[in-house]
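Chain by chain, the residues:
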Amino acid sequence: MKDLYLIYKNLTRKKTRLFLTCFAIFIAFLIFGSITALKGALNSGVEMSADNRLITVNKINFTQPLPYSYVNKVKSIEGIKDVSHANWFGGFYQEPANQIVTMAVDPETYFTVYDDLVVPEEQLSQWKSNRRGVLVGERIAKTFNWQIGDTIPMSSNIFSNKDGTQTWQLQIDGIFRGENEKADTGYMVFHYKYFMETQTWGGDNIGWLIVTTTDASLNQQVSDAIDESFANSAAETETSTEAAFNKAFIEQIGNIGLIIFGVVFMAFFTILVVVGNTMVLAIRERTNEIAVLKTLGFSSPRIFKMILIESCMLSFIGGLLGLGAAFVIVQGASQELSRFLPNLVLDQSIVLQALGYMLLLGLVTGIVPAVRALRLNIISGFQGA
Amino acid sequence: MSEEALFDLQGVAKKFVKGKEQITIFEDLNMQIAQGDFLAIMGPSGSGKTTLLNLLGGVDQPTSGEVSFEQKRIDKLSEGKLAEWRANNIGFIFQFYNLMPMLNAYRNVELPLLLTKLSGSERKKRVENALKLVGLADRAKHMPNEMSGGQQQRVAIARAVVSDPKLLLCDEPTGDLDRKTADEILETLQLLNTEFGKTIVMVTHDPSAAKYAKRTLHLDKGEFVTDPSANVA
């Protein structure tokens, strides 16, 4: 028998209490694991943003178009490296349930500004020369089991084709992936010119500009210069970094960070009170036994340590089970929601954070009874103090 | 100080404050306990019997005076050193057994050995011998709540002797037992004294229990009514 066995026996002496306390901790870490994974998925666009990439949209809101002429005007602004543009297509494949982010882009410049996306050179060349060509993201290609050379009917719920349908027959010329595995490859891009020539309305407009600066330190200066160029025009612009743009896009549904912090904080605070109270009561019930241990020769620091280990064990049992359950839920959800939340994963950083919180919870809930045991006078202990 | 004394108390005073009142348990207590003694301490409630046992066991410190064990002062030891000293030298037997309810008899007896550096096999041997000594080898796997009071007290005795201490301190060891069981327990203590040379100090209210001791001291209002050095073995 070792101290650990003694701790284990103390921990498991009241099975119902152990179960209920562990269950409370289980719930806290289930919430933490799944919500933090969700936050990570929502924020992955922000995290993956390049430092020197800016997005220019119509100042009214980003659904309003900008004139195509802005592309060349922006190119002349000092500090700009490359300029590209994109239009929202609003695509779905075969049926509306299969929504796929589809954009009409400039083939010559799109992969220059998005240089963190990787397309084999021959596929890129083939796409540039094929007006009906489309490049699809790796994840979307896997989802629909598409191969290079396949012709896919892509429909739009916004635009109509001049042929009287709402469908464009596009040919897959290549598959792109991210340099970083977390990069979003759940979308496809096809030719802007082909789109403009075949659609029935919308004119010679672009949706937004994508601009890279020669140095990230020039971002603010370049943003201001772009917006000043189009001030007081019919289509004023608003330029922000890609990270800020993505963040603002996500926060249309609310301040995700604050919501998540609130939920996690409330869960943890409640659990802290519940577990802390349980630990205090559990150790108070054992006052006589602690006095016996001290009488037998167990030192006060050793008993202090045993109680802290016990509270940490409690925290880790409930916490790991909760985190395990969160992992299963996130895995299941990530398969169901892969097209909308491609980076929904309970990754290593969440696990490490959770382990840190488990340790903290164990220490915080154990410290009061441990100090009480440390200070317990043997005689008072036998008198039931 | 007597050279052969295992314990030597010189001019021991014990006072404490309760509310606004200062209570004196001992004013100037002197006594020796020889190696191999079996001493019964009797006296009315509040006479200081348990306080004396606590001083001998190093779970309480005198207000003044000296408490020496094998010619070494223990009244000045730090809490940590005292804990170590208790683990090495003293076995405790309580009135209400004080077994750990979540551990079986074997694990309860093994408890003091966690404080030693003995190997697992050595610990096993010692626990088995201790349980055999108190006649409970077949109850090793039983939990305290599955045993009678007498059996629990025998487990407590096995726990007290398993680390081979020089001194056993017993606080009313038969106070919660019927006569027959009490006699069995006292016979076991006597055996430990005569056959295994354990020095035993036993606090008791029971004159029948005191008869098993080699000598009896009577305490009243913090003073020995009988001469504490009389019949020192």
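These figures come from a predicted structure and were not determined experimentally.

Draft legend 1. The arrangement of helix α5 (residues 149-161) of chain B in detail. The end-to-end C-alpha separation of α5 of chain B is 19 Å, in line with the 18 Å expected for 13 residues at 1.5 Å each. Burial analysis of α5 of chain B places 12 of its 13 residues in the buried class, the great majority of the element. Within α5 of chain B the residues assigned to the buried category are Gly150, Gln151, Gln152, Gln153, Arg154, Val155, Ala156, Ile157, Ala158, Arg159, Ala160 and Val161 of chain B. The inward-facing, buried residues of α5 of chain B abut α11 (287-296) of chain A together with β6 (90-93), α3 (105-110), α4 (120-133), β7 (167-171) and α6 (179-194) of chain B.

Draft legend 2. Inspection of the domain arrangement of chain A at higher detail. Residue and element names in this part refer to chain A. Under the domain assignment, chain A is made up of domain 1 (4-46 + 255-384) and domain 2 (65-234). Each of domain 1 and domain 2 was reduced to a C-alpha centroid, and the two centroids are 48 Å apart. Counting from both sides, the interface comprises five residues of domain 1 and, opposite them, 10 residues of domain 2. Across the domain 1 to domain 2 interface the summed buried area is about 660 Å²; carbon plus sulfur atoms make up 47%. Here domain 1 and domain 2 share zero salt bridges between them. Here domain 1 and domain 2 share zero residue pairs in polar contact (both at pLDDT 80 or more) between them. Partitioned by chemical class, the residues of the side of domain 1 that touches domain 2 number one nonpolar, two polar and two charged.

Draft legend 3. Summary view of the interface of chain B and chain A. With 21 residues of chain B at the interface, the matching set in chain A holds 23 residues. In total, about 2,100 Å² of surface goes out of reach between chain B and chain A, with carbon and sulfur atoms giving 66% of it. By the criterion of area lost to chain A, the three top residues of chain B are Met102, Leu114 and Leu115 of chain B, representing 28% of everything that side buries. Where chain B touches chain A, the interface holds zero salt bridges. Where chain B touches chain A, the interface holds five residue pairs in polar contact (both at pLDDT 80 or more).

Draft legend 4. Seen up close, the pattern of salt bridges. Residue and element names in this part refer to chain A. Taken as a whole and judged by the stated rule, the model has 22 salt bridges over all chains. Its salt-bridge partner being Glu242, residue Arg53 comes within 2.9 Å of it at the nearest N-O pair. Of this pair, Arg53 sits in strand β1 (residues 53-58) while Glu242 sits in helix α9 (residues 242-250); the two residues are 189 residues apart in sequence, bridging distant segments of the chain. For the pair Arg53 and Glu242, a shared accessibility class is recorded, and that class is buried. Between Glu310 and Arg286 there is a salt bridge, with the nearest N and O atoms lying 2.6 Å from each other. Linking Glu310 in helix α12 (residues 300-336) with Arg286 in the loop between α10 (256-285) and α11, this pair joins segments that are 24 residues apart in sequence.

Draft legend 5. How the structure looks around helix α13 (residues 348-375) of chain A. Residue and element names in this part refer to chain A. End to end, α13 covers 40 Å across 28 residues, agreeing with the expected 40 Å (1.5 Å per residue, within 8%). Along α13, the helix axis deviates most sharply at Ile367, where the bend reaches about 45°; the proline Pro369 sits within four residues downstream. Regarding α13, the residues found buried are Ile350, Ala354, Met358, Leu361, Gly362, Thr365, Gly366, Pro369, Ala370 and Ala373.

Draft legend 6. Fine view of the sheet that holds strand β5 (residues 72-73) of chain B. Residue and element names in this part refer to chain B. Ordered in space as β2-β1-β4-β5, the four strands form an open sheet in which the pairing is antiparallel. Two strands lie at the open edges of the sheet, namely β2 (21-34) and β5, each paired on one side alone. One ladder, built from two bridges, connects strand β4 (residues 64-69) with β5; its direction is antiparallel. Pairing of Ser68 across the sheet is with Arg73, part of β5. Here helix α1 (residues 49-56) sits on the sheet and contacts β1 (5-18), β2 and β4; the angle it forms with β2, its principal contact strand, is near 60°.

Draft legend 7. Broad picture of the packing of α10 of chain A against α12 of chain A. Residues and elements named next belong to chain A. Running from amino to carboxyl end, α10 crosses α12 at an angle of 140°, the nearest separation of the two axes being 12 Å. The orientation of α10 relative to α12 falls into the category oblique. The two elements α10 and α12 cross, and the hand of that crossing is right-handed. On the side of α10, the interface is formed by Val275, Met279 and Ile283, while α12 contributes Ile307, Glu310, Ser311 and Leu314. Looking at side-chain class alone, the contact of α10 with α12 contains five nonpolar, one polar and one charged residues.

Draft legend 8. Representation of unusual backbone geometry. Residue and element names in this part refer to chain B. The backbone of Gln71 sits at a positive phi, close to 65°, despite the residue not being glycine. Among the secondary structure elements, Gln71 is positioned in the loop between β4 and β5. The class for Gln71 is partly exposed, based on a relative accessible area of 43%. Its identity is not glycine, yet Asn98 carries a phi of approximately 50°, on the positive side. Residue placement: Asn98 occurs in the loop between β6 and α3. Its relative accessible area of 12% is what places Asn98 among the buried residues.

Draft legend 9. Geometry of the pairing of strand β3 (residues 80-88) of chain A. Residues and elements named next belong to chain A. Sheet topology note: the β3/strand β12 (residues 208-213) ladder contains six bridges and is antiparallel. Along β12, the bridge assignment pairs Ser84 with Ile210. Here β3 runs beside strand β5 (residues 99-105); their pairing, made up of three bridges, is antiparallel. When the bridges of β5 are listed, Asn87 appears paired with Ala104.

Draft legend 10. Structural view of the sheet that holds strand β8 (residues 199-203) of chain B. Residues and elements named next belong to chain B. A sheet is described by the order of its strands in space; here six strands give the open sequence β6-β7-β8-β3-β9-β10, paired in mixed fashion. Strands at the two margins of the open sheet, each flanked by one partner only, are β6 and β10 (223-224). Two strands pair when backbone bridges link them, and strand β3 (residues 38-42) and strand β9 (residues 215-220) are joined in this way by four bridges, in the parallel orientation. Bridge pairing links Ile41 to Leu217 in β9. Its contacts with the sheet put α6 on β3, β6, β7 and β8, and the angle it makes with β8 is roughly 150°.

Cut-offs used in this document
Here, residues in each chain are numbered from 1, in the same order as that chain's written sequence. Labels are handed out in written order, letters beginning with A for the chains and numbers beginning with 1 for the ligands. In view of the model being predicted, local features appear only for residues whose pLDDT reaches at least 70, and side-chain atom pairs are presented and counted only at 80 or more, with totals across whole chains, interfaces and linings using the full set of residues. Excluded from the side-chain calculations are hydrogens and water; all other atoms, namely the structure's heavy atoms, are used. Helix and strand definitions here come from DSSP, where helices need a minimum of 4 consecutive H or I residues and strands a minimum of 2 consecutive E residues; each element is numbered from the N-terminal end. The span one expects for a helix is its residue count, reduced by one, times 1.5 Å. Residue exposure (1.4 Å probe, protein chains only): buried if accessible area is under 20% of the type maximum, exposed if over 50%, otherwise partly exposed. Only heavy atoms matter for contacts: two residues are in contact if any of them lie within 4.5 Å across the pair. All domain edges in this entry derive from an automatic or database-based domain assignment. Two parts lose some accessible area (1.4 Å probe) when they are put together, and adding that loss for both gives the buried area. In the sections that follow, a salt bridge refers to a side-chain nitrogen of Lys or Arg positioned within 4 Å of a carboxyl oxygen of Asp or Glu. Any pair of N or O atoms that falls within 3.5 Å is considered a polar contact. Within protein, one atom must be able to donate a hydrogen and the other to accept it, and sequence-neighbouring residues count only if both atoms are side-chain atoms. Polarity classes work like this: nonpolar for Ala, Val, Leu, Ile, Met, Phe, Trp, Tyr, Cys and Pro, charged for Asp, Glu, Lys and Arg, and polar for all others, with Gly in that last group. Bend angle per residue: angle between axes fitted to the 7 residues ending at that residue and the 7 residues starting there. At least two bridges found by DSSP between two strands is the condition for calling them paired. Helix axes use the C-alpha atoms of the stretch in contact, all axes being lines fitted to C-alpha atoms, and the angles between their N-to-C directions lie in the range 0 to 180 degrees. When describing relative orientation, an angle under 35 degrees is termed roughly parallel and one over 145 degrees roughly antiparallel, while 65 to 115 degrees is termed roughly perpendicular and anything else oblique. Note on convention: near helix rotated counterclockwise from far helix by under a right angle means a left-handed crossing. Clockwise means right-handed.

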